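Summary of structural features
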Amino acid sequence: QLQLVESGGGLVQPGASLTLSCAVSGFTLDSTVIGWFRQASGKRREAVLCINRYGGNRTYLHSMEGRIQVSRGVAENIVYLQMNILKPEDSAVYQCAAKKFGSYWCEEENSEYEYWGRGTQVTVSS
């Protein structure tokens, strides 16, 4: 069974950087697609970006374009989300999710992802 565990969240000041990790077990990263999502209090979950099984990625959240970077450690089976110049409006619970085994391509829709981590809280405040 595939499991995803996020870590790296916390309280940071505006302008700071933070790197989140998504540790994946049960699948290898070259066999599925991993997405990062976030949900702020009282708001809908929104897609941040996605990395496919070949390492290609796509950013969905325009407000974070140019400030985020995704990478992965294939041997460790971990996906990283580096976030820079953080703003208070970036405060949210950040979750990683995986599509079903054998998936190839990124999707923006939440419903395309079958497995979800519990999330890690990111709070940007002075």
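Please refer to the structure placed before this passage.
Residues numbered from 1 in each chain as written. Predicted model: local features only at pLDDT ≥ 70, side-chain atom pairs only at ≥ 80, totals over all residues. Heavy atoms only, no water.

**Overview of the packing of aromatic side chains**
This structure, assessed with the given rule, holds eight aromatic pairs. Considering the side-chain rings of Phe27 and Tyr115, the 5.7 Å spacing of their centres and the 80° angle between planes classify their relative orientation as edge-to-face. Of this pair, Phe27 sits in the loop between strand E3 (18-25) and strand E4 (34-39) while Tyr115 sits in strand E10 (residues 115-116); the two residues are 88 residues apart in sequence, bridging distant segments of the chain. Residue classification places Phe27 among the buried positions, given a relative accessible area of 13%. With a centroid separation of 5.1 Å and an interplanar angle of 80°, the aromatic rings of Phe37 and Tyr113 are classed as edge-to-face. Separated by 76 residues along the polypeptide, Phe37 in strand E4 and Tyr113 in the loop between strand E9 (92-98) and E10 bring together distant segments of the chain. Comparing Phe37 with Tyr113 shows no difference in burial state: the two are buried. Site record: aromatic cluster; members linked through ring pairs are Phe27, Phe101 and Tyr115. For the cation-ring pair, Arg53 lies above Tyr104, with the distance from its terminal atom to the ring centre recorded as 4.4 Å. (Phe/Tyr/Trp six-rings, centres within 6.5 Å; stacked < 30°, edge-to-face > 60°. Helix = DSSP H or I, 4+ residues; strand = E, 2+ residues; numbered from the N terminus. Buried < 20%, exposed > 50% of the residue type's maximum accessible area, 1.4 Å probe, protein only. Lys NZ or Arg CZ within 6 Å of the ring centre and 35° of its normal.)

**Side note on the environment of Asn77**
Mapped onto the secondary structure, Asn77 falls in the loop between strand E7 (68-73) and strand E8 (78-83). Taking the C-alpha atoms as reference, Asn77 lies 5.6 Å from Val24; in sequence the two are 53 residues apart. From its side chain, Asn77 meets the backbone nitrogen of Leu29 in a polar contact 3.1 Å long. (Polar contact = N/O pair within 3.5 Å; in protein donor to acceptor, adjacent residues only side chain to side chain.)

**A word on the nonpolar core**
Counting residues in each nonpolar core, the largest one holds 28 residues, and the members touching the most others are Ile34, Trp36, Met83 and Tyr94. For this core, the elements supplying multiple residues, two or more each, are E3, E4, strand E5 (46-51), E7, E8, E9 and strand E11 (120-124). When neighbours within four sequence positions are excluded, Tyr94 is seen to be in contact with Glu6, Leu20, Trp36, Phe37, Arg38, Val48, Met64, Leu81, Met83, Gly119, Thr120 and Val122. Counting eight residues, the second largest nonpolar core, distinct from the first, contains Phe37, Cys50, Ala97 and Cys106. (Core = buried A, V, L, I, M, F, W, Y, C linked by side-chain atoms within 4.5 Å. Contact = heavy atoms within 4.5 Å.)

**Re the sheet that holds E8**
Spatially, four strands are ordered E1-E3-E8-E7 in an open sheet, and the strand pairing comes out antiparallel. The open sheet terminates on both sides in strands that have one partner only, identified here as strand E1 (3-7) and E7. Taken pair by pair, the neighbouring strands of this sheet meet at an average axis angle of 20°, ignoring direction. In terms of strand pairing, E7 meets E8 through six bridges, oriented antiparallel. Paired with Gln69 across the bridge in E8 is Gln82. (Pairing = 2+ DSSP bridges. Axes fitted to C-alpha atoms, helices over the stretch in contact; angles between N-to-C directions.)

**Quick word on the environment of Lys87**
Relative to the helices and strands, Lys87 resides in the loop between E8 and E9. Note on Lys87: relative accessible area 33%, which makes it partly exposed. Sequence-distant contacts of Lys87, that is, excluding residues within four places in its chain, are made with Arg67 and Val124.

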